[in-house]
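Each chain is listed here by its residues.
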Amino acid sequence: MLTGQKIVIIGGSSGIGLETAKLAAGEGAEIIIASRSAHKLEQARAKLGTEAKVSTYTLDITDEAQVQAFFAELDDIDHLVVTAAETSGGAFLSTATSAARQLMDNKFWGQYYAAKYAAPKLRPAGSVTLFSGIVAFKSMTGSSMLGAVNAAVANLARTLALELAPLRVNAVSPGIIDTPSRAGMAEEARTSFYSGLAAKLPAQRVGTAADVAQGVLYLMHNSFVTGTVLHIEGGHGLI
């Protein structure tokens, strides 16, 4: 149980982050959610209910000064989870360099800043959970930059497990997960995409935010797990 523990979830206003907040709050944790969108934060607070111990902050994770100031205001914490990240892709030759740099800012540097400034506030038995992704380990057309960024995050987590010990640092590598991040797709196209992939996966379905959130809580709970990349992808890496 996480009773009385304080958990910071950056990107916790929707999808995997919000589901992680729900599970942790259900175990008695105090939750601090940070996100760019004040509107999503209000919605998240409502979804978590009045019984949950929740505070919210508006934060742009790509702004190092903001991240530093955010953690400077906090008392000691037990766990940091960073689910906030862009997952854009595109053909290597036709993707603008500026878009590639933006992806690096969002998914790598944002997590780097969060780990850097959270570390001094984390209790010795605490943990950091970063987010990588399947294209770091299974090459896919159109994901050259995202794969490179995800690989960088995974390596950062493993190295920080040594440098920040006894703090535990791990990364989660989700596969294709049904989250609001694909809400922009037409419903028919999204359904076709998910069903086509599900038919190929050993798990015979695509993942849910709850699947990944359960993995995040496992990494918080198990004090003998550090420097690990936890693959939650339904066997996608096998096909």
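For the structure, see preceding data.
Residues numbered from 1 in each chain as written. Predicted model: local features only at pLDDT ≥ 70, side-chain atom pairs only at ≥ 80, totals over all residues. Heavy atoms only, no water.

**Things to note about the packing of helix H1 (residues 15-26) against helix H7 (residues 209-221)**
Look at H1 against H7: their axes get within 8 Å of each other, and the N-to-C directions meet at 55 degrees. Comparing the axis directions of H1 and H7 gives the class oblique. Regarding H1 and H7, the two cross each other, and that crossing is right-handed. Counting all contacts with H1, which are made through Gly15, Ile16, Glu19, Thr20, Leu23 and Ala24, the residues of H7 involved are Ala209, Ala210, Val212, Ala213, Gln214, Val216, Leu217 and Met220. (Axes fitted to C-alpha atoms, helices over the stretch in contact; angles between N-to-C directions. Helix = DSSP H or I, 4+ residues; strand = E, 2+ residues; numbered from the N terminus. Parallel < 35°, antiparallel > 145°, perpendicular 65-115°, else oblique. Left-handed = near helix turned anticlockwise from the far one by under 90°. Contact = heavy atoms within 4.5 Å.)

**Some thoughts on unusual backbone geometry**
Cis geometry is adopted by the peptide bond preceding Pro166, which originates at Ala165 and carries an omega value of 15 degrees. Among the structural elements, Pro166 can be located in the loop between helix H5 (144-163) and strand S6 (168-174). At Gln204, a position not held by glycine, the phi torsion is positive, near 60 degrees. Along the chain, Gln204 falls in the loop between helix H6 (187-200) and strand S8 (207-208).

**Considerations on the environment of Ala198**
With respect to the element layout, Ala198 can be found in helix H6. Spatially, the C-alpha atoms of Ala198 and Ser173 are 18 Å apart, while their sequence positions differ by 25 residues. Other than its neighbours up to four places away in sequence, Ala198 contacts Gln204, Arg205 and Val206.

**Considering H1**
Helix length check: H1 (12 residues) gives 17 Å between terminal C-alpha atoms against 16 Å at 1.5 Å per residue, within 8%. Burial in H1 covers these residues: Gly15, Ile16, Gly17, Leu18, Thr20, Ala21, Ala24 and Ala25. Buried residues in H1 make contact with strand S1 (6-10), strand S2 (30-35), helix H2 (38-48), strand S5 (122-131) and H7. (Expected span 1.5 Å × (residues − 1). Buried < 20%, exposed > 50% of the residue type's maximum accessible area, 1.4 Å probe, protein only.)

**Side note on the nonpolar core**
In this structure, Val8, Ile10, Phe70, Phe71 and Leu80 are the most contacted members of the largest nonpolar core, which totals 38 residues. For this core, the elements supplying multiple residues, two or more each, are S1, S2, helix H3 (64-72), strand S4 (77-82), helix H4 (97-118), S5, H5 and S6. In terms of residue count, the dominant contributor to this core is H5 (eight residues). (Core = buried A, V, L, I, M, F, W, Y, C linked by side-chain atoms within 4.5 Å.)

**What to know about the pairing of S6**
Among the seven residues of S6, seven are classified as buried, and the element is accordingly described as predominantly covered. Here S6 shows a buried face lined by Arg168, Asn170, Val172 and Pro174 and a second buried face lined by Val169, Ala171 and Ser173. Pairing of S5 with S6 involves five bridges; the strand directions are parallel. Bridge assignment links Leu130 to a residue of S6, and that residue is Ala171. (Pairing = 2+ DSSP bridges.)

**Structural notes on the layout of surface pockets**
To find leftover empty space, a probe the size of one water molecule is rolled over the atoms. In this structure, the second largest pocket encloses a volume near 200 Å³. Lining the second largest pocket are 15 residues, with Gly90, Thr95, Ala100, Ser144 and Met145 sitting closest to its centre. Elements supplying a minimum of two residues to the lining of the second largest pocket: H4 and H5. Take the lining of the second largest pocket: its biggest share by element is four residues, from H4. Taken together, the residues that form the lining of the second largest pocket break down as six nonpolar, eight polar and one charged. (1 Å grid on protein atoms, 1.4 Å probe; cavity = no way out; pocket = protein on both sides within 12 Å on 5 of 7 lines; lining within 4 Å. Points joined across faces, edges and corners; volume = space filled by probe spheres on them. Nonpolar A, V, L, I, M, F, W, Y, C, P; charged D, E, K, R; others polar.)

**Concerning the sheet that holds S5**
An order of S3-S2-S1-S4-S5-S6-S9 is seen for the seven strands of this open sheet, with the pairing classed as parallel. Because the sheet does not close on itself, it has two edges, and the strands there are strand S3 (53-58) and strand S9 (229-232). With direction set aside, neighbouring strand axes in the sheet form an average angle of 20 degrees. In this sheet, S3 lies alongside S2 in parallel orientation, the contact comprising six bridges. Its bridge partner lying in S3, Glu30 is registered against Lys53.

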